[in-house]
Amino acid sequence: MTNDTRPAGGARGRRRTAVLAAALGGCALVAASTTPAAAHSGHGRTVDYVALGDSYTSGPGIPRQVDAGCARSDHNYPSLVADRAQATALTDVSCAGATTAEMWQAQGSNKPQLDALDRDTDLVTVQIGGNDVGFGSIIGTCARLAAQDPAGNPCERSYEAGGHDALALAVARTAPKVDRVLRAVHARAPHARVVVVGYPDLLPDDGSGCFPQVPFAQKDFPYLRDTEKRLNLMLRLVAALNRAEYVDTYGPTVGHDMCKPPADRWIEPLQPAAPAAPAHPNAKGEEVMAQAVLDRLAGGRGRH
C-alpha cells in the first residue's frame, strides 16, 4: 500500500479523527490554526497548475467544449485562472461525473486524476464531493416527490424517514474520502499549493423557492440549501486539516442562483436558457469562481 492510502496513526491519527468527527457533525470549528502550503514555483519559471474535479470544474455545455468524454470547457474556471495568472501552464483533468474514486481510477478515456500530479506541480485546485453526496440523484428525487406536497417538504421527509437525515449522513461519509484525496495530493505533489474549491450557491440563500422553474416543493428549498452549506463546511474543515486553502464560491454567487431571471443567474435551472448543464454554473458562474480562486492566490485570506 502506498502512502496515498496509508491511514494516519498515533496522536496525529487521533487528531485527524477528532477533527473529521467535528466536520461530520456539522460543527463550526476554528480552522485557521493550520498554515496553507505556499506555492514553490521557483524564480522566473512557469507555474505548473493541475485542476482536479467534477462537472462544476469541467464546465459541461459551456462553449468551447474541448473534451466530450468529460464535458470539459476551455472557459471553465481552471482555464480562466490559467489565462489570467502570470506564467501559468494548466493541466486540466476535471471530468463530469467524477467522484473521489476517480482520483485513483480511470473514467472513460480520462486517466486517474491524481496521475496528473508529480513533484514539479506548483498549484493544485480540487473541487470534489458533490457526486459522492449524490447531487444528481438528490435533484431527481426531490423533483419527483414535489408533486405529492407542493407547499410542504416531501423530499426532506423522505430523506429523514429512517430516523436520521440521510443527506447529512452522506456528507459525513464523504469527509474521509475528501481527506484521503488531499493526503494523496500532498504525497504526489509535495511542494504544491493546494486549494480546495467549494460549490456555488445553487438555490436562493433566503430559503425561498421558484416552482415550477425549479420543481421542488416550497419547504424543501431551505432543506436543500442547508445540505449544500453542510457540504461546503465539511470541505472547508477537511481542507484546513490537510494544510490546504479553501475558496468560498458560495458567498460570491449568492443572489445569482438558478431561481433568478436569465440575465441575473450564474447557475442554470433544470431547463437551462444559457449553454450549460442543468443545475450547473454557466459561463458567468465559472468566471466568478475563477475570480474567487484568483483572489485567494493573490494572497487575500478571505473566509477560512
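Everything below is about the structure printed above this text.
Just so you know, these numbers come straight off a predicted model, no measurement behind them.

## Concerning the state of the cysteines
This model, assessed by the stated rule, comprises three disulfides. The residue that forms a disulfide with Cys 210 is Cys 259, at a sulfur-sulfur distance of 2.0 Å. Sign of the S-S torsion, about -70° for the bond between Cys 210 and Cys 259, identifies this disulfide as left-handed. A residue pair is termed long-range when its members are at least 10 positions apart, and Cys 210 in the loop between strand S6 (193–197) and helix H8 (220–241) and Cys 259 in the loop between helix H9 (250–253) and helix H10 (283–297) qualify at 49 residues. A residue is classified by how much of its surface remains accessible, and Cys 259, at 13% relative accessible area, is buried. For the protein chain, the bonded cysteines connect in the pattern 1-2, 3-4, 5-6 when numbered consecutively along the sequence.

## Focus on the side chain of Asn 282
Within the element layout of this structure, Asn 282 appears in the loop between H9 and H10. A distance of 2.8 Å separates a polar atom in the side chain of Asn 282 from a polar atom in the side chain of Glu 268. Among the polar contacts made by the side chain of Asn 282, one reaches the main-chain amide nitrogen of Lys 284 at a distance of 3.1 Å.

## Things to note about the environment of Ala 175
Among the structural elements, Ala 175 can be located in helix H7 (residues 166–188). For Ala 175, a relative accessible area of 0% gives the class buried. Expressed as a C-alpha distance, the spacing of Ala 175 and Leu 237, which sit 62 residues apart in the sequence, is 9.1 Å.

## Regarding the packing of helix H3 (residues 77–84) against H10
The interhelical angle for the contact between H3 and H10, taken along N-to-C directions, is 50°, at an axis separation of 8 Å. As judged from the angle between their axes, H3 and H10 are oblique. Between H3 and H10 the crossing geometry is right-handed. Contact residues: Tyr 77, Leu 80, Val 81 and Arg 84 in H3; Glu 286, Glu 287, Met 289, Ala 290, Gln 291, Val 293, Leu 294 and Leu 297 in H10. Split into classes, the residues belonging to the contact of H3 with H10 amount to eight nonpolar, one polar and three charged.

## Some words on the packing of aromatic side chains
Working definition: an aromatic ring pair is given by the centre-to-centre distance plus the angle between the planes. For the coordinates displayed, the defined rule picks out four aromatic pairs. Ring centres 5.3 Å apart and planes at 70° place the aromatic pair Phe 135 and Tyr 199 in the edge-to-face group. One end of the pair, Phe 135, is in helix H5 (residues 135–145); the other, Tyr 199, is in the loop between S6 and H8, and 64 residues separate them in sequence. On the accessibility criterion, Phe 135 (14% relative accessible area) is buried. Measuring from centroid to centroid gives 5.7 Å for Phe 216 and Phe 221, while their planes differ by 55°, and the two rings are tilted.

## Comments concerning the pairing of strand S5 (residues 123–127)
Most of S5 is tucked away: five of the five residues are buried. Residues Leu 123, Thr 125 and Gln 127 point to one face of S5 and Val 124 and Val 126 to the other, with burial holding for every one of them. With five bridges connecting them, strand S1 (residues 47–53) and S5 associate as parallel partners. Bridging across to S5, Val 50 finds its partner in Val 124. Bridge count between S5 and S6: four bridges; the pairing is parallel. What sits directly across from Val 126, in S6, is Val 196.

## Some remarks on the nonpolar core
With 50 residues, the main nonpolar core has Leu 52 and Val 185 as its most contacted residues. At the level of secondary structure, the elements contributing two or more residues to this core comprise S1, S5, H5, helix H6 (154–159), H7, S6 and H8. Discounting chain neighbours no more than four positions away, the residues touching Val 185 are Leu 52, Leu 114, Leu 117, Val 124, Val 126 and Val 194. In this structure, Leu 80, Ala 82, Val 247 and Ala 292 belong to the second largest nonpolar core, which totals 16 residues.

## Observations regarding the environment of Leu 114
Mapped onto the secondary structure, Leu 114 falls in the loop between strand S4 (88–92) and S5. On the accessibility criterion, Leu 114 (0% relative accessible area) is buried. In the structure, Leu 114 is positioned twelve residues away from Glu 102 in sequence and 8.5 Å away in space, judged by C-alpha atoms. With near-sequence residues (within four places) excluded, Leu 114 lies in contact with Leu 52, Met 103, Trp 104, Ala 184, Val 185 and Arg 188.

Criteria and thresholds
- Residues numbered from 1 in each chain as written.
- Predicted model: local features only at pLDDT ≥ 70, side-chain atom pairs only at ≥ 80, totals over all residues.
- Heavy atoms only, no water.
- Disulfide = S-S within 2.5 Å.
- Helix = DSSP H or I, 4+ residues; strand = E, 2+ residues; numbered from the N terminus.
- Buried < 20%, exposed > 50% of the residue type's maximum accessible area, 1.4 Å probe, protein only.
- Polar contact = N/O pair within 3.5 Å; in protein donor to acceptor, adjacent residues only side chain to side chain.
- Axes fitted to C-alpha atoms, helices over the stretch in contact; angles between N-to-C directions.
- Parallel < 35°, antiparallel > 145°, perpendicular 65-115°, else oblique.
- Left-handed = near helix turned anticlockwise from the far one by under 90°.
- Contact = heavy atoms within 4.5 Å.
- Nonpolar A, V, L, I, M, F, W, Y, C, P; charged D, E, K, R; others polar.
- Phe/Tyr/Trp six-rings, centres within 6.5 Å; stacked < 30°, edge-to-face > 60°.
- Pairing = 2+ DSSP bridges.
- Core = buried A, V, L, I, M, F, W, Y, C linked by side-chain atoms within 4.5 Å.

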